[in-house]
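# Fold and contact review
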Amino acid sequence: MKEGILLCGHGTRREAGVKSFKRFVAILKERYQDSYEVDYGFLEFNHPTYEAAVERMYANGIRKIYALPVILFAGSHAKNDIPYELNTLQTYHDDLTISMGKHIGVSSFLLDLSLKRIEETEKNLPKVDRKDTCLVVVGRGTTDPDANSDVAKLTSMLWDGMGFGFATTSYSGTAYPKIDEGLQLVEKLGFKRTIVIPFFFFTGVLLERIYKSVSEMDANSDLEYVYTDPFGADELILQAFDERLHEAKNGIANMNCQMCKYRKQVIGFEEYQGKEQMGHHLNVKGILFEEDEKPNEKQNSLGNKVKKMLGI
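A short tour of the structure in this document, coming up. (Residues numbered from 1 in each chain as written. Predicted model: local features only at pLDDT ≥ 70, side-chain atom pairs only at ≥ 80, totals over all residues. Heavy atoms only, no water.)

Turning our eyes to something else, we now look at the packing of helix α4 (residues 108-123) against helix α5 (residues 145-162). At their nearest, the axes of α4 and α5 sit 11 Å apart, and the two run at 60 degrees to each other. In terms of axis orientation, α4 runs oblique to α5. The crossing of α4 and α5 is right-handed. Here α4 contributes Leu110, Leu111, Ser114, Leu115, Ile118 and Glu119 to the contact with α5, which in turn contributes Leu154, Met157, Leu158 and Met162. Considering only residue class, the contact of α4 with α5 consists of 8 nonpolar, 1 polar and 1 charged. (Axes fitted to C-alpha atoms, helices over the stretch in contact; angles between N-to-C directions. Helix = DSSP H or I, 4+ residues; strand = E, 2+ residues; numbered from the N terminus. Parallel < 35°, antiparallel > 145°, perpendicular 65-115°, else oblique. Left-handed = near helix turned anticlockwise from the far one by under 90°. Contact = heavy atoms within 4.5 Å. Nonpolar A, V, L, I, M, F, W, Y, C, P; charged D, E, K, R; others polar.)

So this is what it looks like as structure tokens:
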């Protein structure tokens, strides 16, 4: 019986981001077409939801699904939201098994792809010695210090391996320093060039925000600020998914829980230890807010949409 792969996306308010994700799905469908049925779902904003994708696969005779998060680092999405959704969906059918794969995380594939993106950017610029160049790695940023520290670890490895004069980490949100704050700190160091590499798969609101911050900094400084392309569907990313699929299929898709705030008491996050695994995206599954809606309008709009869905 053919097995299935569910690609677990997050969702975005940008149509370009949705299209990029769907192109990525199409590439993996072709890659795995001989052995697996590949489908996809979103955690929030977009359709189909995970539930719709799983039901579609089940209707096609799939009884074993390997769920692969299209997530770079293990914050609350990979640790709580996606497992909560999948555990719930698995209870709908007695003969259905869903095995969740690991996030991409710190891997040689991500390190090699970062090197590739940086070198692609440098190739199109006048030569500046790496010792006169600062590297800024920008992660998504989460409330999970373990996920944030993985971004910082890759930053350190790129710094050591590529010989930059300095390297540091910033985040698009939630964690400190945010990208604009990080660039202000870097400006004080006086490096001739700063290369910003965003650790993102595809375009979206957050990536656009990063690019805008870098462009504004470059326009208002005597120093040079440039950014790389996101990771996209590069062959190195595809190889990383091959590895994650192998782990899920063989029951070895284990996360590193040694410094996880939900498993151990971590400084500043002691109250999270042993917290119940619960998703927090239930109110925005498949619901896309308009960009120009104000917060209170969003709440009212959401309430009306939910009521309509429930027939109230």
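The omega angle of the peptide bond from His47 to Pro48 is 0 degrees, so this bond is cis rather than trans. For the bond from Tyr176 to Pro177, the omega torsion is -5 degrees, close enough to zero to count as cis. In this fold, Pro177 is placed in the loop between β6 (166-171) and α6 (179-187). Backbone geometry places Phe45, a non-glycine residue, at a positive phi of 75 degrees. Inspection of the secondary structure puts Phe45 in the loop between β2 (36-42) and α2 (50-59). Residues other than glycine seldom take positive phi values, yet Thr174 does so here, at roughly 70 degrees.

The next subject is the sheet that holds strand β7 (residues 193-198). Strands pair in a sheet through their backbones, by hydrogen bonds, and they do so in one of two ways: parallel or antiparallel. Sheet architecture is open: 4 strands sit in the order β6-β5-β7-β8, paired in parallel fashion. What marks the edges here is a single partner per strand, and that holds for β6 and β8 (224-227). On average, adjacent strands in this sheet sit at an angle of 20 degrees to one another, irrespective of strand direction. On the sheet, α6 packs against β5 (133-139), β6, β7 and β8 and is oriented at approximately 155 degrees with respect to β6. (Pairing = 2+ DSSP bridges.)

Before going further, it helps to spend a moment on helix α3 (residues 76-90). With 15 residues, α3 should reach 21 Å at 1.5 Å per residue; the first-to-last C-alpha distance of 20 Å fits that figure. Remark: the principal bend of α3, roughly 30 degrees, maps to Pro83. Taking burial as the measure, the 15 residues of α3 include 11 buried ones, the bulk of the element. Three or more residues of α3 are buried, namely Ser76, His77, Ala78, Lys79, Asn80, Asp81, Ile82, Pro83, Glu85, Leu86 and Leu89. The secondary structure elements touched by the buried residues of α3 are β1 (3-9), α2, β3 (64-69), β4 (97-100) and α5. (Expected span 1.5 Å × (residues − 1). Bend = angle between axes of the 7 residues up to and from the residue. Buried < 20%, exposed > 50% of the residue type's maximum accessible area, 1.4 Å probe, protein only.)

Between α4 and helix α8 (residues 235-249), whose axes approach to 9 Å, the crossing angle comes to 175 degrees. One element, α4, and the other, α8, form an angle in the roughly antiparallel class. Of the residues in α8, those in contact with Phe109, Leu110, Asp112 and Leu113 of α4 are Leu236, Ile237, Gln239, Ala240 and Glu243. Partitioning the contact of α4 with α8 into residue classes produces 6 nonpolar, 1 polar and 2 charged.

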